[in-house]
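Below, each chain spelled out in residue letters.
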Amino acid sequence: MRNIRLAVAALIPLAALTHGAASAQSPDTDIFVAEISGTASSPSFSGWRNVTRRAGYDNQPGFSADSRAVFYTVQESGQTDIYRHDLDSGRNEQVTATPESEYSATMMPGGDRFSAIRVEADSTQRLWSFRLDGSAPELVLTDIAPVGYHAWLTDTTLGLFVLGRPATLQIADAETGSARVAGHAIGRSLHRVPGRTAVSFLHRDGGASMIRTLEPATGASAALIAPIDGSQDYAWTPNGVMVMGSGSVLYAFDPLTDSTWRELVDLSGAGIDGITRLAISPDGTQIAVVANGG
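Thresholds applied
- Per chain, residues are indexed from 1 in the order of the written sequence.
- Given that the model is predicted, a residue must reach a pLDDT of at least 70 before its local features are reported, and side-chain atom pairs must reach 80 or more before they are shown or counted; all residues, however, enter totals for whole chains, interfaces and linings.
- Side-chain metrics rest on all non-hydrogen atoms present in the structure, leaving aside hydrogens and water.
- Here a pair means two rings of Phe, Tyr or Trp (six-membered ring of Trp) with centres within 6.5 Å. Their orientation is stacked below 30 degrees between planes, edge-to-face above 60, and tilted elsewhere.
- Numbering goes from the N terminus for both helices and strands, where a helix is a DSSP run of H or I of at least four residues and a strand is a run of E of at least two.
- Exposure categories follow from relative accessible area, calculated using a 1.4 Å probe and restricted to protein chains: below 20% of the type maximum is buried, above 50% is exposed, and the middle band is partly exposed.
- In this description, strands pair whenever DSSP reports at least two bridges between them.
- Residues are called lining when one of their atoms sits within 4 Å of a cavity or pocket point, these points coming from a 1 Å grid over the protein atoms alone, where a cavity is a set in which a 1.4 Å probe fits but cannot get out and a pocket is an open set with protein on both sides within 12 Å along at least five of seven lines.
- Grid points are joined across faces, edges and corners, and a volume is the space filled by probe spheres set on the points.
- Classes in brief: Ala, Val, Leu, Ile, Met, Phe, Trp, Tyr, Cys and Pro nonpolar; Asp, Glu, Lys and Arg charged; the others, Gly included, polar.

*Asks:* Before we move on, can you summarise the packing of aromatic side chains with the specific residues and values?
*Replies:* Taken as a whole and judged by the stated rule, the model has six aromatic pairs. Ring geometry for Tyr72 against Tyr83: centres 6.0 Å apart, planes inclined by 35°, an arrangement best described as tilted. Here the residue Tyr72 occupies a position in strand β5 (residues 69-76), and Tyr83 occupies one in strand β6 (residues 79-86), the gap between them amounting to 11 residues. Here Tyr72 falls in the buried class, since its relative accessible area comes to 3%. Between the aromatic rings of Phe114 and Phe130, the centroid separation amounts to 5.3 Å while the plane-to-plane angle is 20°, which identifies the pairing as stacked.

Printed below as a string of structure tokens:
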């Protein structure tokens, strides 16, 4: 049986999506990390700890390629920057400290750089990349804005949440800088489907929502499952199980064996409630959770 650590992150208010990053009214959220033993279908959790214990907005966790650190977004005085929590030492350190705001750090293929949304001086939101220490910023997609969230599908292909009315799913090519619209009225949670070059996303159709997949190469799309009521954030384990949170409870859905969400664990006993964003490490040994500040 493998050990798994979980990191879970909280949400940015929908009103803040006009700028993508946290707003002055952003909630007090923290990132909680735990160790998980067992299997993907029957995990057990232990050692829950708040790794960002402070007043304010700590959100949007994403693991490093070696699964030994969590990158996350911090808001202070309206400014957002990327921070890093080292899982071995327990230390937090600031990674970006720029006049612009950066958020939504995501490891790039290769593991030696991360990409993030930067809110530039004129409020333009574009996708940039940085070394792991926050240095050497480079623009990834020059002509595509305003980008809100993103996921790498291959070394050069990305799925983008592009702000608008409605927000669109766009498939971008980092080599050519081009993008095409592949869907409308989507949510912010974009992910590469494990073992495939497909992107998963939440699609809103009137009052109904559905988590779907899209194969960029063929355009084939399939419905997976409706999200848990009131939730929009989820993550994938490396072996293809989806994890979603609601209140103090984590749920799982295996597209190969499940017909509905099943409860994994109630974290109220650990003092964790208001779960939103989730991140699972590339090696499947860790998970991080964003929840109400504690």
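There is more to say, and it comes next.
*Asks:* So, the sheet that holds strand β17 (residues 199-205): which residues are in play, and what are the values?
*Replies:* In sheet architecture, strand pairing relies on hydrogen bonds along the backbone and comes in two forms, parallel and antiparallel. Spatially, the four strands line up as an open sheet ordered β16-β17-β18-β19, and their pairing is antiparallel. Two strands lie at the open edges of the sheet, namely β16 (191-192) and β19 (221-225), each paired on one side alone. Pairing geometry for β17 and strand β18 (residues 208-214), over seven bridges, is antiparallel. Within β18, the position partnered with Val199 by the bridge is Leu214.

*Asks:* An account of the layout of surface pockets is requested, with residue identities and associated values reported.
*Replies:* When its volume is computed, the largest pocket comes out at roughly 1,000 Å³. Thr106, Leu190, His191, Arg192 and Ile280 are, among the 37 residues lining the largest pocket, the residues nearest its centre. Looking at the lining of the largest pocket, the elements that each hand over two or more residues are β4 (57-63), β8 (101-107), β12 (147-152), β16, β20 (234-236) and β24 (277-280). For the lining of the largest pocket, the class distribution of residues is 21 nonpolar, 12 polar and four charged.

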